[in-house]
Amino acid sequence: QVQLVESGGGLVQPGGSLRLSCAASGMIKSINIMGWYRQAPGKQRELVAAISSDGITNYADSVKGRFTISRDNAKNTEYLQMNSLKPDDTAVYHCRYSDYVREYWGQGTQVTVSS
């Protein structure tokens, strides 16, 4: 089992920044991929960004140039730095862990971008 604990969500004005964190614990495999997905009301869950254990990243087109994903393998923690936030970024953000055999999801953290 792998447990994921997210933190860092909240309310921010348009143009503002937030940093999300996701700490993984339990049976962590050295080769894995972690990522952030988001789901807005009435919409499907979508990939925001992902990062492999060797540092390869992937971003949704809608967040390129504004969001940065990173990770600290020693702490089994990933981060999502979100800058220039827009109202369309409002969603519940979920952390995901996969070792290509199993996958686990965090409970989610709410991000609201509003003036």
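Residues numbered from 1 in each chain as written. Predicted model: local features only at pLDDT ≥ 70, side-chain atom pairs only at ≥ 80, totals over all residues. Heavy atoms only, no water.

Caption draft 1: Broad picture of the pairing of strand β5 (residues 46–52). In terms of burial, β5 is largely enclosed, as five of its seven residues are buried. Where β5 folds back on strand β6 (residues 57–59), the antiparallel hairpin that results is connected by four residues, among which G55 adopts a positive phi of roughly 90 degrees. (Buried < 20%, exposed > 50% of the residue type's maximum accessible area, 1.4 Å probe, protein only. Helix = DSSP H or I, 4+ residues; strand = E, 2+ residues; numbered from the N terminus. Pairing = 2+ DSSP bridges.)

Caption draft 2: Focus on the state of the cysteines. For the coordinates displayed, the defined rule picks out one disulfide. Here C22 is linked by a disulfide to C95, with a sulfur-sulfur distance of 2.0 Å. Here the S-S torsion is close to -75 degrees, and the disulfide linking C22 with C95 is therefore left-handed. In this pair, C22 sits in strand β3 (residues 18–26) while C95 sits in strand β9 (residues 91–98), placing the two residues 73 residues apart along the sequence. Neither C22 nor C95 differs from the other in exposure class; each is buried. (Disulfide = S-S within 2.5 Å.)

Caption draft 3: How the structure looks around the nonpolar core. Among the nonpolar cores identified, the biggest contains 28 residues, and L4, W36, V48, F67, L80, M82 and Y93 are the most heavily contacted of them. If we ignore the near neighbours within four places in the chain, the residues touching V48 are W36, Y37, R38, N58, Y59, A60, V63, F67, L80 and Y93. (Core = buried A, V, L, I, M, F, W, Y, C linked by side-chain atoms within 4.5 Å. Contact = heavy atoms within 4.5 Å.)

Caption draft 4: Focus on the pairing of strand β4 (residues 33–39). Judged by how many residues are buried, β4 sits mostly within the fold: five of seven residues are covered. Relative to β5, β4 is paired through six bridges, and the arrangement is antiparallel. Each residue of the ladder has a partner; that of Y37, found in β5, is L47. Counting the residues between successive antiparallel strands, the hairpin from β4 to β5 contains six residues, one of them, G42, with a positive phi of roughly 80 degrees. Pairing between β4 and β9: seven bridges, direction antiparallel. Note that in β9 the partner of Q39 across the bridge is V92.

Honestly, that's just the spatial picture; any functional story needs more than this.
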